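Structural characterization, general
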Amino acid sequence: MLIEANRIVAVRPWKRFSLSERAAATDLGEVILLPGLINAHCHLDYTNMAGLLPPGRNFPDWIKTITALKSEWSYTDFAESWLNGARMLLRNGTTTVVDIEAVPELLPDVWAATPLRVHSLIELIGIRPTVTPRHLIADALKLIESLPAGRGGVGLSPHAPYTTTRELLSRSASAARRLHLPLAIHAAESGAEFEMFRRARGPMFEWFKTQRDCSDCGGVSPVQHLERSGVLGPRTLAIHANCLAPGDADLLARHRTHVVHCPTSHAYFRHEPFPLERLLRAGVNICLGTDSLASTQKPRGRKLELDLRCEMRTLAADRPGLAPAELLRMATVNGAAALGLRHRLGEISPRARADFIAVPHNGSVADAAEAVIHSEEPVAASMIEGEWAVSPAR
Ligand SMILES: [Zn+2]
């Protein structure tokens, strides 16, 4: 692989490099070279909540607990947590992350402190009539405009159907379209959310009915609700999409909306089975995300880490028929497509950004994909934007 500045300019067999090119080479030893992993959904600022939250009786219980915990945290707590998460992702092979920012004031400081390629999507929550969607979005856009140029990008993330109004959703969607920004939303995550919108009942509906105007509930699935609010589209990442009504997979496919599956978070909440086959049959692009460590069960005898390889292993255990190469696509090229960055990220090819990782491997090439997924040690090297993010051992 020949790299100039921040790009890959050639990929060819060793013998076809000139003598001077060979003289300048860095030999990484016996490793698999592969594109840096793309984590399509994360909350870096919740990393240090690892192990602090029980899954609760139902999903609304968990949201109440995390909201209470967040109210006790300071700016420094969130910043340390964010940076701790960024370090975990780097050593575990992620080079690009789509991060939801609940505390966007951190961004100038934390962006400068990590080589990670971070696409920061500003979280928008608003169900009370006192906060107008127009103001919420104007504030988010003002903040985005004030940010320094980073290696990644920015975008908007209206939190979820139940923590937003139709007006907030449609205004976010049109602002994102106008400014060519990606938009991510937690969608159809829990049975409680599905019941709230489909049937206007259940624990989430009961909790929210005194807090928000619930005239948008009843008769629609969460995905239909998003479609009617203008949120679905080719720059939209629907996070989770666990609970689908008949026709929802086709609706997502028709709007070329990407779905982000977070296998360990899914297992933690014991949501109903992820409709992977239905979504694939409909032609939906599926990416993988770690979600946050606030919604991950501690593995026995091991540390809790943000690690996309662990997400691939969890999905592989759940769906043994899924080929390792397909899992790797979900963690690389599919994530790049969701960000509108196909051919630039998620692959090792001429003209792509120089983002790659090296995973130690002594076995055969045929076992490479499987070996990457099952590797648990930190990566041997990681390059982002043409610079070492994890330097190779000499
Ligand atoms: Zn999330």
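This report concerns the structure included in the present document. (Residues numbered from 1 in each chain as written. Predicted model: local features only at pLDDT ≥ 70, side-chain atom pairs only at ≥ 80, totals over all residues. Heavy atoms only, no water.)

Some details on the state of the cysteines
Inspection of the entire model under this criterion finds 0 disulfides. Among the cysteines around Cys-243, which has no disulfide bond, Cys-262 carries the closest sulfur, lying 14 Å off. (Disulfide = S-S within 2.5 Å.)

With respect to the coordination of the zinc ion
The protein atoms that coordinate the zinc ion are His-41 (NE2), His-43 (NE2), His-186 (NE2) and Asp-291 (OD), at distances of 2.1 to 2.6 Å. Taken together, the 4 donor atoms surrounding the zinc ion define angles of 89 to 169° at the centre, an arrangement classified as irregular. Written as a sequence motif, the donor residues of the zinc ion are H-x1-H-x142-H-x104-D. Here the two residues His-41 and His-43 agree in accessibility, since each one is buried. (Donors = N, O, S within 2.8 Å, 3.2 Å for Na, K, Ca; no water. Tetrahedral: all angles 85-135°; square planar, octahedral: opposite > 155°, others 65-115°. Buried < 20%, exposed > 50% of the residue type's maximum accessible area, 1.4 Å probe, protein only.)

Brief notes about helix H6 (residues 166–178)
With 13 residues, H6 extends 18 Å from end C-alpha to end C-alpha; this agrees with the ideal 18 Å at 1.5 Å per step. Among the residues of H6, those classed as buried are Leu-168, Leu-169, Ser-172, Ala-173, Ala-175 and Ala-176. The buried residues of H6 all sit within an arc of 165° when viewed along its axis, so they share a single face. Within H6, the exposed residues directed more than 90 degrees away from the buried face are Arg-177 and Arg-178. Turning to H6, the residues buried within the fold contact strand S6 (117–124), helix H5 (133–146), strand S7 (153–158), strand S8 (183–187) and helix H9 (222–228). Just past H6, the residue His-180 takes up positive phi, approximately 55°. (Helix = DSSP H or I, 4+ residues; strand = E, 2+ residues; numbered from the N terminus. Expected span 1.5 Å × (residues − 1). Arc of directions from axis to C-beta. Contact = heavy atoms within 4.5 Å.)

Observations concerning the sheet that holds strand S13 (residues 381–384)
Pairing between the strands of a sheet is mediated by backbone hydrogen bonds and can be parallel or antiparallel. Reading across from one edge, S3-S12-S13-S14 is the order of the 4 strands in this open sheet, with antiparallel pairing throughout. The open sheet has two free edges, formed respectively by strand S3 (31–35) and strand S14 (387–390), since each of these has just one partner strand. Averaged over all pairs of adjacent strands, the angle between strand axes in this sheet comes to 25°, irrespective of strand direction. Pairing analysis gives 3 bridges linking S13 to S14, with the strands arranged antiparallel. (Pairing = 2+ DSSP bridges. Axes fitted to C-alpha atoms, helices over the stretch in contact; angles between N-to-C directions.)

Looking at unusual backbone geometry
In this structure, Ala-188 takes a positive phi of about 50° despite not being glycine. Following the sequence through the fold, Ala-188 ends up in the loop between S8 and helix H7 (191–199). Phi angles above zero are rare outside glycine, and His-343 is one such case at about 70°. One can find His-343 in the loop between helix H15 (333–338) and strand S12 (356–360).

Focus: the packing of H5 against H6
Interhelical geometry of H5 versus H6 gives an angle of 35° and a closest axis separation of 9 Å. For the pair H5 and H6, the sense of crossing is right-handed. Together, Pro-133, Arg-134, Leu-136, Ile-137 and Leu-141 of H5 and Glu-167, Leu-168, Arg-171, Ser-172, Ala-175 and Arg-178 of H6 make up the contact between the two elements. Tallied by class, residues from the contact of H5 with H6 come to 6 nonpolar, 1 polar and 4 charged. (Left-handed = near helix turned anticlockwise from the far one by under 90°. Nonpolar A, V, L, I, M, F, W, Y, C, P; charged D, E, K, R; others polar.)

Quick look at the side chain of Ser-295
With respect to the element layout, Ser-295 can be found in the loop between strand S11 (286–288) and helix H13 (308–318). If near-sequence neighbours (up to four positions away) are discounted, Ser-295 is found in contact with Trp-62, Thr-264, Ser-265, Tyr-268 and Phe-269.

Points about the packing of aromatic side chains
A ring pair, where both rings are aromatic, is described by two values, the distance of the centres and the angle of the planes. Under the defined criterion, the tally for this structure stands at 9 aromatic pairs. Relative to Trp-388, the ring of Phe-356 lies with its centre 5.9 Å away and its plane at 80°, an arrangement referred to as edge-to-face. Of this pair, Phe-356 sits in strand S12 while Trp-388 sits in strand S14; the two residues are 32 residues apart in sequence, bridging distant segments of the chain. In this structure Trp-388 comes out as partly exposed when scored by relative accessible area, which is 29%. Taken together through their ring pairs, the aromatic side chains of Phe-59, Trp-62, Tyr-268 and Phe-269 make up a single cluster. Over the face of the ring belonging to Phe-17 we find Arg-12, whose NZ or CZ atom lies 4.4 Å from the ring centre. (Phe/Tyr/Trp six-rings, centres within 6.5 Å; stacked < 30°, edge-to-face > 60°. Lys NZ or Arg CZ within 6 Å of the ring centre and 35° of its normal.)

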